[in-house]
Amino acid sequence: MEEKISKLVQWIQEKVNDAGLNGAIVGVSGGIDSAVVAHLIKRAFPENSLGVIMPCKSDPKDQEYALEVIESCGISHTTIDLSETHTVLFSEMERQLKEKGEWNEETARLGDANTRARLRMTTLYAVANNYGYLVVGTDNAAEWHTGYFTKYGDGGVDLVPLVHFTKGEVREMAKVLGVPDSIINKPPSAGLWEGQTDENEMGTTYNMIDSYLKGGQIPEKDKAIIDSMHKRTEHKRQLAAAPPKF
Ligand SMILES: Nc1ncnc2c1ncn2[C@@H]1O[C@H](COP(=O)(O)OP(=O)(O)OC[C@H]2O[C@@H]([n+]3cccc(C(=O)O)c3)[C@H](O)[C@@H]2O)[C@@H](O)[C@H]1O
Ligand SMILES: Nc1ncnc2c1ncn2[C@@H]1O[C@H](COP(=O)(O)OP(=O)(O)OP(=O)(O)O)[C@@H](O)[C@H]1O
Ligand SMILES: [Mg+2]
């Protein structure tokens, strides 16, 4: 694992240097994926890396976890609270659509949640512009395959270093990097609404997805969920659809 970590760190350095930029930035949620990326970019650019904590109506406990991550890798950090911004934007949209009588209550929770992820993306790019940094994403192989991310939200990034690593491998990497156990052992959550956990929402587990990706046999029910998510999210792994030249 140490060798893979060194190669990833070197790859991040090369991508930033090739871009003619100065360093790298990541959103730090208090979860394991961003913890690993924070450690990687701190290793790649000890003096030119930044972790950004962006609460957005989030559980205050998340911020404590995020600060534990920051402390564990010693990365420079800043906190930008997006709760008010989200309220202003989302409530204005709700008001306007309600006025038209076209507000859809059923899809509102997901729309609200994805807006949080996209506000974080917008913030990261604005801060990255200030420092001349690349925005580093945190998607692992399981999330990438199932499309379990917000298009142009947490999926809107410049580099995806963990995309070939299963969730289990990310856990292994976290241990080697010195991510605190409290972060490694906590259930993965997008934190987009109260009580949300990835595995509850998806209806399958990361262990199942990992084992499927490694070619293992898994129950038909889990295979069906994973295949359906993969198919439904194909568009997220492509550039925006363009028509043929007429
Ligand atoms: N066939 C197609 N071709 C081109 N575009 C297509 C499309 N089908 C939908 N779309 C577009 O994609 C949109 C739907 O995609 P998207 O906006 O991503 O939304 P969606 O996939 O519905 O939701 C995002 C999922 O990712 C989860 N998530 C988000 C963020 C972080 C994490 C985490 O683990 O931390 C998890 C979240 O809980 C939710 O389950 C549609 O509104 C439409 O605009
Ligand atoms: N409150 C937050 N502050 C900063 N960044 C955030 C916040 N919430 C989410 N993010 C960003 O969105 C990414 C996607 O979240 P995701 O939940 O998949 O990863 P994670 O929280 O790092 O790990 P886990 O899967 O264990 O929850 C995070 O890795 C992080 O970069
Ligand atoms: Mg999370």
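Residues numbered from 1 in each chain as written. Chains lettered and ligands numbered in written order. Predicted model: local features only at pLDDT ≥ 70, side-chain atom pairs only at ≥ 80, totals over all residues.

In the nomenclature of an unreviewed UniProt entry, the protein chain is known as NH(3)-dependent NAD(+) synthetase of Sutcliffiella tianshenii.

With that out of the way, let us pick up the overall build of the protein chain. Summing up its helical and strand segments, the protein chain has 11 helices and four strands in all. C-alpha extents for the protein chain along the principal axes are approximately 55 × 50 × 45 Å. Residues classed as buried in the protein chain amount to 37% of the 246 residues present. Taking all contacts inside the protein chain whose residues are at least 6 apart in sequence as the whole, residues at least 24 apart take part in 74%. (Helix = DSSP H or I, 4+ residues; strand = E, 2+ residues; numbered from the N terminus. Buried ≥ 20, exposed ≤ 12 C-beta atoms within 10 Å, placed from the backbone. Contact = placed C-beta atoms within 7 Å.)

Around ligand 2, a shell composed of 22 residues is seen, among which G27, S29, G31, S34 and P188 lie nearest. Sorting the residues of the shell around ligand 2 by element identifies β1 (23-27), α2 (32-44) and β2 (49-53) as the ones contributing at least two each. It is α2 that provides the largest number of residues to the shell around ligand 2, a total of three residues. Along the lines of polarity and charge, the residues of the shell around ligand 2 split into nine nonpolar, eight polar and five charged. (Near = placed C-beta within 6 Å. Nonpolar A, V, L, I, M, F, W, Y, C, P; charged D, E, K, R; others polar.)

Below, the discussion takes up the UniProt feature "binding site: ATP" (unreviewed entry) in the protein chain. As recorded in UniProt, the sites labelled "binding site: ATP" (unreviewed entry) are G27, V28, S29, G30, G31, I32, D33, S34, T138, K167 and S189. Position of G31 relative to the elements: it lies in the loop between β1 and α2. Look past the residues within four positions of G31 in its chain and what remains in contact with it is P188 and S189. Among the secondary structure elements, D33 is positioned in helix α2. In contact with D33, not counting residues within four places along its chain, are T138, N140, L162 and V170. (UniProt positions renumbered as here; feature names shortened; annotations may be inferred.)

In the vicinity of ligand 1 there are 15 residues, among which A117, T150, K151, A190 and H235 approach most closely. Elements with a minimum of two residues in the shell around ligand 1: α5 (105-131) and α9 (198-202). Top contributing element to the shell around ligand 1 by residue count: α5, with four residues.

In this section: the environment of G191. Take G191: it is sitting in the loop between α8 (181-184) and α9. The spacing of G191 and E14 is 177 residues in sequence and 32 Å in space, taken between C-alpha atoms. When neighbours within four sequence positions are excluded, G191 is seen to be in contact with S29, S58, D59, D62 and Q196.

A few words now on unusual backbone geometry. Of note in this structure, K57 is not a glycine but carries a positive phi near 55°. Along the chain, the position of K57 falls in the loop between β2 and α3 (60-73). C-beta crowding within 10 Å serves as the criterion here: with 17 such atoms nearby, K57 is assigned to the partly exposed category. Even without a glycine there, the phi angle at Y152 is positive, about 60°. For Y152, the location among the structural elements is in the loop between α6 (141-146) and α7 (167-177).

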